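Structural description and commentary
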Amino acid sequence: MKSSKIVLIAIFILSWLTLPLLGKQAFKKYVTAATFMCGLTKVLDVYGEKKKWWRFYKGIPPLDSFDIFNLGPYFITSLWMLKLTYGKLRIFLISNTLLHIVFIFGGLKYMKRF
């Protein structure tokens with residue numbers, strides 16, 4: 001197995017390993033919103049790829065393309081962001097924006113290697 005697949009699988013698994021720290025009640029409370037966020041992101045990914053706004057490389061089967069991030073770190077991060085910023089819309093918007101900027105300008109450059 002190539003080292004890039006190992007890194008992608010490790011990122012996927014490590015993000016899910018933080019789920020027990022979230023708590024059962026918080027998971028039940030925020031899973032619907034996080035699922036909606038990930039579903040909307042997937043729809044935008046498919047639409048953007050069809051319009052040739054961007055392209056994604058092959059993922060790890062059965063998670064093609066960017067699904068490994070959408071179902072792994074993005075979903076879990078959404079749950080954590082919703083829990084940590086519940087009732088604080090301004091802090092949610094600021095922290096979510098900063099997290100996306102860091103991922104776009106830092107994380108994507110790093111992930112291109114894989």
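Bear in mind that the values here come from a model prediction, so they are computed numbers and not experimental data.

This next bit is on the overall build of the protein. For the protein, the count of helices and strands is six helices and zero strands. Order of helices (α) and strands (β) in the protein, N terminus to C terminus: α-α-α-α-α-α. Excluding contacts between residues fewer than 6 apart, the proportion of contacts in the protein whose partners are at least 24 apart in sequence is 69%. About 8,400 Å² of surface is accessible on the protein, with carbon and sulfur atoms providing 71% of the total.

Within this structure, the stated rule accounts for three aromatic pairs. Ring centres of Trp 16 and Phe 75 lie 5.6 Å apart, and the angle between their planes is 25°; on these two criteria the pair is classed as stacked. Residue Trp 16 is located in helix H1 (residues 3-17), and its partner Phe 75 is located in helix H5 (residues 73-84); the two are separated by 59 residues in the primary sequence. Sitting above the plane of the Tyr 86 ring, Lys 29 keeps its charged end 3.8 Å from the centroid.

In this section: the nonpolar core. Counting residues in hydrophobic clusters, the biggest one holds 13 residues, and the most contacted among them are Phe 75, Leu 79 and Leu 82. Elements supplying a minimum of two residues to this core: helix H2 (19-22), helix H3 (24-50) and H5. Those residues within four positions of Leu 82 in sequence are excluded, and the remaining contacts are Tyr 30, Ala 33, Ala 34, Met 37 and Phe 92.

Okay, the packing of H3 against H5 next. Packing of H3 against H5 brings their axes to within 8 Å, and their N-to-C directions diverge by 130°. With respect to their mutual orientation, H3 and H5 come out oblique. The handedness of the crossing between H3 and H5 is right-handed. Within the contact between the two elements, H3 uses Ala 26, Phe 27, Tyr 30, Val 31, Ala 33, Ala 34, Thr 35, Met 37, Cys 38 and Thr 41 and H5 uses Tyr 74, Phe 75, Ser 78, Leu 79, Leu 82 and Lys 83. When the residues that make up the contact of H3 with H5 are grouped by side-chain class, the tally is twelve nonpolar, three polar and one charged.

Rules and cut-offs
- Residues numbered from 1 in each chain as written.
- Predicted model: local features only at pLDDT ≥ 70, side-chain atom pairs only at ≥ 80, totals over all residues.
- Heavy atoms only, no water.
- Helix = DSSP H or I, 4+ residues; strand = E, 2+ residues; numbered from the N terminus.
- Contact = heavy atoms within 4.5 Å.
- Areas by Shrake-Rupley, 256 points an atom, 1.4 Å probe, with all protein chains shown as cover.
- Phe/Tyr/Trp six-rings, centres within 6.5 Å; stacked < 30°, edge-to-face > 60°.
- Lys NZ or Arg CZ within 6 Å of the ring centre and 35° of its normal.
- Core = buried A, V, L, I, M, F, W, Y, C linked by side-chain atoms within 4.5 Å.
- Buried < 20%, exposed > 50% of the residue type's maximum accessible area, 1.4 Å probe, protein only.
- Axes fitted to C-alpha atoms, helices over the stretch in contact; angles between N-to-C directions.
- Parallel < 35°, antiparallel > 145°, perpendicular 65-115°, else oblique.
- Left-handed = near helix turned anticlockwise from the far one by under 90°.
- Nonpolar A, V, L, I, M, F, W, Y, C, P; charged D, E, K, R; others polar.

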